[in-house]
Amino acid sequence: MVSIFVSFLSFLFSIIVFIKQLTVGSFGQSIPWFSVGDIQFTIGYEIHSLNVLMLMLVSFMNLMIQLYSKEYMKDDERIKAYYGKLNLFTFSMLALVISPNLLQIYVFWELVGLGSFLLIGHYNRERAKRAANKAFLMTRIGDVAFLVGLILLFWGTGTFELHEIFHVVQSGNLSEGILTTVGFCLFIGVIGKSAQFPLHTWLPDAMEGPTPVSALLHAATMVAAGIYFIANIYPIFLASSTLLFTMALIGGCTGFFAATIALVEKDVKRVLAYSTISQLGLMLLSLGTIGFVGAIFHLMTHAFFKALLFLSVGRLIKYSGSQSIEHLREIGKRMPVIHLFFLIGAMSMSGIPFLSGYFSKEEILSAVFFNGPPFLFWLAVLTSLLTAIYMFRLYFLLFFGGAKTGGLSPLWMVFPMGILAAGSIFIGYLNTHFFGTFFSDWLTKNMPFSIEPVSAPTSFLSLLTILISLTGLVISYLLFRREWLAPKMRSYRMSRLYRTVLEGYYVDVVYDRVFIKGTIQFAKGIGFVDRFVQKIISFLPKTINGIAKQEVKLRWKNPQRYGLVAVIGLLLILTISIWSVG
Amino acid sequence: MDFSYEWHVMTPEFSILMTIILIGILDVLLPKKIDRKWFGWLAVGGTFLSFGLFLTLLPLDRTSILFDTFIFDSFAKGFKFILLFGGTLLLLLAVGSKKEQGMEKYEMEFYVLLLTALFGGMMITSSNDLITLFIGLELVSVSSYVLVGMNKWSKKTNRAALTFLMNGSLATAITLFGMSYLYGIAGTTQLQTFLQHFSEVSNPATRYLYIIGFCFLFIGLSFKWTTMPFSLWAPDVYEGAQTIVTAFLSAFSKIIGLIMFFRLIFTVFSETVLDQHVMFSIFQNSLLILALLSMTFGNMMAIGQRNVKRLLAYSSIAHGGYMLAGIASFSAHSMEAVTYYFLVYSLITIGAFTIVSYITDGNEADEQTFTGLFKTTPLLAISLTIFFISLAGLPPTAGFIGKWKLLISIIDGGSPIHYVTAIGMIGMTIVSYAYYFRIMASMYFQYPNKEEKFSVRLPLVILLFLCIAVTFLIGLLPNFGTPTWI
């Protein structure tokens, strides 16, 4: 209860900050934190449109999730720890979005990772633990690159302050090469955090965590951090067209690739996880094609309908105790409220006209259409179509049929879902091309850097967006409700392609093989250099194990050997030193 | 001869010495049946007194007495602070120990030896002469030999003590040999006059002598702070010794070695004319490579360990590598960065070993003991988590800032090898997460093997509180941790 109250306060304060930002414009303050020699590091806060938007979004989502968790987690024996971790997680994210310098961002970036690690591993299950570890290590790979990027950037510009960095970047004093390298390193960090190919495999596994946590993770905190970060340091990416293109390419491909997996996945939550990966891919695609507003707008609407979807699915999972579609099938029939909420979420997400998702998707498509290469545009169109298909697949499978039992949903669950549903419908009207682009105007006005507005979508685009979603709906209806092509589907299930997609294109398996088992076989086919590299990779764990075994054998045996090693070392360093003096 | 020195600059040392003598005499005079538990508090009192006296001396400028062999400069101030603080923590750890930790039989010996080591360490920080440096070093070494072998009924301990003694005496011999070369070149044992002599050296042949001297000295000292190549003894000794003693070795003894090296290179090997600076850069590459090796070796080996004491021993080798890299990078900030890291490291390693010694009986420290600790004794589990996070160098603890400062100072060196070292350090930090998080995960996510609560005593609480508070204090306000007087 205390936790919920505090969350409420946090949301309230966010609104106050928002109002202040509306009236006085951006503001911020920094105080010196510590220094190394003559280099000063500062700590402070910065409020501009993007930050305040994230601030509200995160605190709002947190409040909703906490309300919902009160019912969902009430039987959990570690509920206190759960709320503690939840608050740590939200705190880190809130602190992340108001940070004015990169060092501070890095600190909280890590803390967000720690929070998600703790929450994913909340349930005392072997798989949950493994998922938590995987999430942590996977994002860690990205974070190494992230840190390297930070340090390079620091050496290029001599500062961590975002304002000053933008200044340096815009003055053109930084060479293109450094900028691209820095951007690339930072982008790898984002790939890890926002679960993009090839570092995406942790997110589906993270579904082992409690469902409200998944909702929070997907809506506002962990994965959104990556998108937010890119938007926050957008000038760096704007300065290099290579970077923008890479970003668009990875985003577009991940979007499509994850959507195909979501189409066949058998676990409800994993479907939603892949759909998040796919939507995040679209956001990156938008950012990569200078669709700044579109990406942020979609981030916001996505937060609403994704949280809504997770929470309504969570109700079903809570009711039946399983996450697999087979078990949950048709169970939603007797839960009219949940049915309604899920439908709203699915419609919004598929981009059915006049719901939130429609407007933001249209924005993204127009950015890609006007600024991106045609093939990426059609890829995005295809992704949107797939989105509609798999969302309604889920809907038709879960909510139709003859379930005998059903149950009323407790108020603690319905209330937050109702608000989210309202948001999923109406939040999109903040930025439409027939009522006015309030959101876009406000967002672009108060940023520390200028953003080119994207031209308004033509009627062709609007029509296309509508067409896509409706086609998706119809296809889905025919396939999964009417069960057209049912015999073909069955044979298709036997096919290799189906299995490949179901296994997530074997990315995980490949990772397993490459990093643990089959490195040597893989290397055989490829050239000598590759073989060499692969050997080193497989050699490392082996050597460690080998040495460890030797160490166990040798320990306590011959203490004089330790001295011998030292003496040999001494002789070596002596020889090297004398030799290098000449 | 004039004996009217400013003796008062030595009062912190004197008060420690007096406490040692007092405890020794009392132990002999008091009847057997009187409990000697309070000796610990006496020792703590002694260090407090010393600390107080030390604080009154802070405003002093650089002072030297005894023919310039004992100096009290900013360097001594900084490190005496760290040593006294660490020493107090160690004493508290011993006072708060349980019966099973096996401290009962050795009240007097332990406190006297620990204080002697503290005394030696404080002498080293102030020495300006090879002879006093060496004597200080031996005070520390000899007391640690005895401390390691204190539990004379355990076979493991005896082996550990023997290993330690054998390798330690080898190290001493090597150090002394190196020192003799330095003396041979300079013709004096005074560190300050060393500088003049070295700068006058123009004969190329003496260069070789100089190199030999340096290498021997370095390798001999590297025994103390456990970096490659003289680090292999550490796991055995750490495992065999009583955990309290292990804490002493890992935090205190290690830092004393580094302080000595720091003192030497900052006075003898660096602040010289251009020629000598080039001389140091010859070693610089070797030192950075050794630092890299230690990080890699320590972290890689730690992954495979199931005994927490061995694991921490390897992690201590890795940390030795980080600190050595900081010193060897030799840039404008390395002094500040390394000092900060010393402080942080000694705090968190004492904290970590405190908990390890508390929940493991006697010598054994299998990882199984930690399973489900959060369920039985949350206080200890959370504290250990904080220490581990700090050791792993994650924000918002002081460990992060420490690593960050080291990293900045290493990169500041500016040559390719510096960058390689920095990248290696980042990579190895990541590797180290693997084992810290493994233990943490088993503490939180698993159920305990036996439902046994650990009762927590007052001195332990004070100790943990001190460690954690300072870790966070200087982690969040790092300027606090680099006092202006350094």
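Residues numbered from 1 in each chain as written. Chains lettered and ligands numbered in written order. Predicted model: local features only at pLDDT ≥ 70, side-chain atom pairs only at ≥ 80, totals over all residues. Heavy atoms only, no water.

J.: Any chance you could explain the overall build of chain B here in plain terms?
T.: Of regular secondary structure, chain B possesses 19 helices and 2 strands. Here chain B holds 486 residues, and the buried ones make up 67% of them. Just so you have it, chain B exposes about 15,800 Å², and 69% of that area is on carbon and sulfur atoms. (Helix = DSSP H or I, 4+ residues; strand = E, 2+ residues; numbered from the N terminus. Buried < 20%, exposed > 50% of the residue type's maximum accessible area, 1.4 Å probe, protein only. Areas by Shrake-Rupley, 256 points an atom, 1.4 Å probe, with all protein chains shown as cover.)

J.: Help me understand the pattern of salt bridges in this model?
T.: Residue and element names in this part refer to chain B. Applying the stated rule across the entire model yields 4 salt bridges over all chains. One salt bridge in this structure joins E239 and K156, with 2.7 Å as the shortest N-O distance. With a gap of 83 residues between them, E239 in helix α9 (residues 233–240) and K156 in helix α6 (residues 155–186) connect regions that are remote in the sequence. Given a relative accessible area of 4%, E239 falls into the buried group. We note a salt bridge from D236 to R310, for which the minimum N-O separation is 3.2 Å. (Salt bridge = Lys/Arg side-chain N within 4 Å of Asp/Glu carboxyl O.)

J.: Even after reading the chapter, I still don't get helix α16 (residues 398–411) of chain B, so can you show me in this structure?
T.: Structural remark: α-helix, 3.6 residues per turn; residues separated by three or four positions point the same way. Helix length check: α16 of chain B (14 residues) gives 20 Å between terminal C-alpha atoms against 20 Å at 1.5 Å per residue, within 8%. α16 of chain B sits mainly inside the fold: 14 of its 14 residues count as buried. (Expected span 1.5 Å × (residues − 1).)

J.: So what exactly am I meant to see when it comes to the nonpolar core here?
T.: Taken as a class, soluble globular proteins show a tendency for nonpolar side chains to be buried jointly. M61, L102 and W202 of chain A together with F218, F261 and F342 of chain B are the most contacted members of the largest nonpolar core, which has 333 residues in total. Considering every element that reaches this core, the biggest residue donor is helix α14 (residues 292–320) of chain A, with 18 residues. Residue assignment places this core across two domains, with domain 1 (23–39 + 137–499) and domain 2 (511–581) of chain A each supplying three or more. Setting aside its immediate chain neighbours within four residues, W202 of chain A contacts K134, A135, M138, T139, G192, K193, A195, L217, M222 and V223 of chain A. Judged by nonpolar contacts, the second largest core, of 14 residues, contains L285, I364, L365 and L379 of chain A. (Core = buried A, V, L, I, M, F, W, Y, C linked by side-chain atoms within 4.5 Å. Domains from an automatic or database assignment. Contact = heavy atoms within 4.5 Å.)

J.: Would you mind showing me how to read the packing of helix α3 (residues 79–97) of chain A against helix α10 (residues 222–232) of chain A here?
T.: A pair of packed helices is characterised by two quantities: the angle between their axes and the separation of those axes. Residues and elements named next belong to chain A. Following both chains from N to C, one finds α3 and α10 inclined at 5 degrees, their axes separated by 11 Å at the closest point. When the interaxial angle is binned, α3 and α10 end up roughly parallel. Facing α3, whose interface residues are F89, M93, L96 and V97, α10 presents M222, A224, A225 and Y228. Tallied by class, the residues present in the contact of α3 with α10 amount to 8 nonpolar, no polar and no charged. (Axes fitted to C-alpha atoms, helices over the stretch in contact; angles between N-to-C directions. Parallel < 35°, antiparallel > 145°, perpendicular 65-115°, else oblique. Nonpolar A, V, L, I, M, F, W, Y, C, P; charged D, E, K, R; others polar.)

J.: Looking at this structure, I do not really get helix α17 (residues 356–371) of chain A. What am I missing?
T.: Spanning 16 residues, α17 of chain A covers 23 Å between terminal C-alpha atoms, matching the ideal 22 Å at 1.5 Å per step. Burial within α17 of chain A is extensive, with 13 of its 16 residues counted as buried.

J.: Is there a simple way to explain the interface of chain B and chain A in this structure?
T.: Frequently, the measure chosen for interface size is the accessible area removed from exposure when the parts meet. Facing the 60 residues of chain B at the interface are 52 residues of chain A. Between chain B and chain A, roughly 5,400 Å² of surface is buried when both sides are summed, and carbon and sulfur atoms account for 76% of that area. Between the two partners, chain B and chain A, sit 0 salt bridges. Counting across the chain B and chain A interface gives 0 residue pairs in polar contact (both at pLDDT 80 or more). (Buried area = accessible area lost by both parts, 1.4 Å probe. Polar contact = N/O pair within 3.5 Å; in protein donor to acceptor, adjacent residues only side chain to side chain.)

J.: What is the right way to look at the environment of P353 of chain A in this model?
T.: Position of P353 of chain A among the secondary structure elements: in the loop between α16 (336–350) and α17. Excluding its chain neighbours within four sequence positions, the residues that come into contact with P353 of chain A are Y358, I466 and S469 of chain A.

J.: Even after reading the chapter, I still don't get unusual backbone geometry, so can you show me in this structure?
T.: A positive phi is found at T226 of chain B, a non-glycine position, where the angle reads about 50 degrees. You can call T226 of chain B buried: its relative accessible area is 1%.

J.: Help me understand the packing of aromatic side chains in this model?
T.: What describes a pair of aromatic rings is the distance from one ring centre to the other and the angle between the planes of the rings. Residue and element names in this part refer to chain B. Applying the stated criterion to the full structure yields 31 aromatic pairs over all chains. Measuring from centroid to centroid gives 6.2 Å for F51 and F54, while their planes differ by 45 degrees, and the two rings are tilted. Of this pair, F51 and F54 both sit in helix α2 (residues 39–57), 3 residues apart, which is roughly one turn of the helix. Across the pair, exposure class does not vary: F51 and F54 are buried alike. Here F248 and F252 contribute two aromatic rings whose centre-to-centre distance is 5.5 Å and whose plane-to-plane angle is 25 degrees, an arrangement assigned as stacked. Placement of the pair is F248 and F252 together in helix α10 (residues 243–269), with a separation of 4 residues, close to one helical turn. The same class applies to F248 and to F252, which are both buried. The aromatic ring of Y340 is capped on one face by K405, whose charged end is 4.6 Å from the ring centroid. (Phe/Tyr/Trp six-rings, centres within 6.5 Å; stacked < 30°, edge-to-face > 60°. Lys NZ or Arg CZ within 6 Å of the ring centre and 35° of its normal.)

J.: What exactly am I supposed to notice about the packing of helix α13 (residues 334–359) of chain B against helix α18 (residues 458–476) of chain B here?
T.: All names here are of chain B. Contact pair α13 / α18: the axes reach a minimum separation of 10 Å and the direction vectors enclose 150 degrees. Every pair of crossing elements has a handedness; the one defined by α13 and α18 is left-handed. Between α13 and α18, the residues in contact are Y340, L343, V344, L347, I348, G351, T354, I355 and Y358 and L460, L463, L464, C467, V470, T471, I474 and G475, respectively. (Left-handed = near helix turned anticlockwise from the far one by under 90°.)

J.: Where do I start with a nonpolar patch on the surface in this structure?
T.: Taken together, M18, I21, I25, V28 and L29 of chain B make up a surface patch of nonpolar side chains, about 530 Å² in accessible area. Inspection of the secondary structure puts I21 of chain B in helix α1 (residues 11–29). (Patch = residues over 30% accessible without salt bridge, like charges linked within 9 Å, V, L, I, M, F, W, Y side chains within 5 Å.)

J.: Which parts of the structure should I look at to understand the confidence of the model for chain A?
T.: Residue and element names in this part refer to chain A. Of the residues in chain A, 70% reach a pLDDT of 70 or more, and the chain-wide mean stands at 73. Element-level mean pLDDT values for chain A span from 42 in helix α25 (residues 519–525) up to 83 in helix α13 (residues 268–288). Across residues 515–531 the pLDDT falls below 50, and counting only partners more than four positions away or on other chains, this stretch makes 18 contacts in the model. (pLDDT = per-residue confidence, 0-100.)

J.: Would you take a moment to explain the environment of E362 of chain A for this structure?
T.: Counting through the fold element by element, E362 of chain A comes out in helix α17. The spacing of E362 of chain A and G351 of chain A is 11 residues in sequence and 8.4 Å in space, taken between C-alpha atoms.

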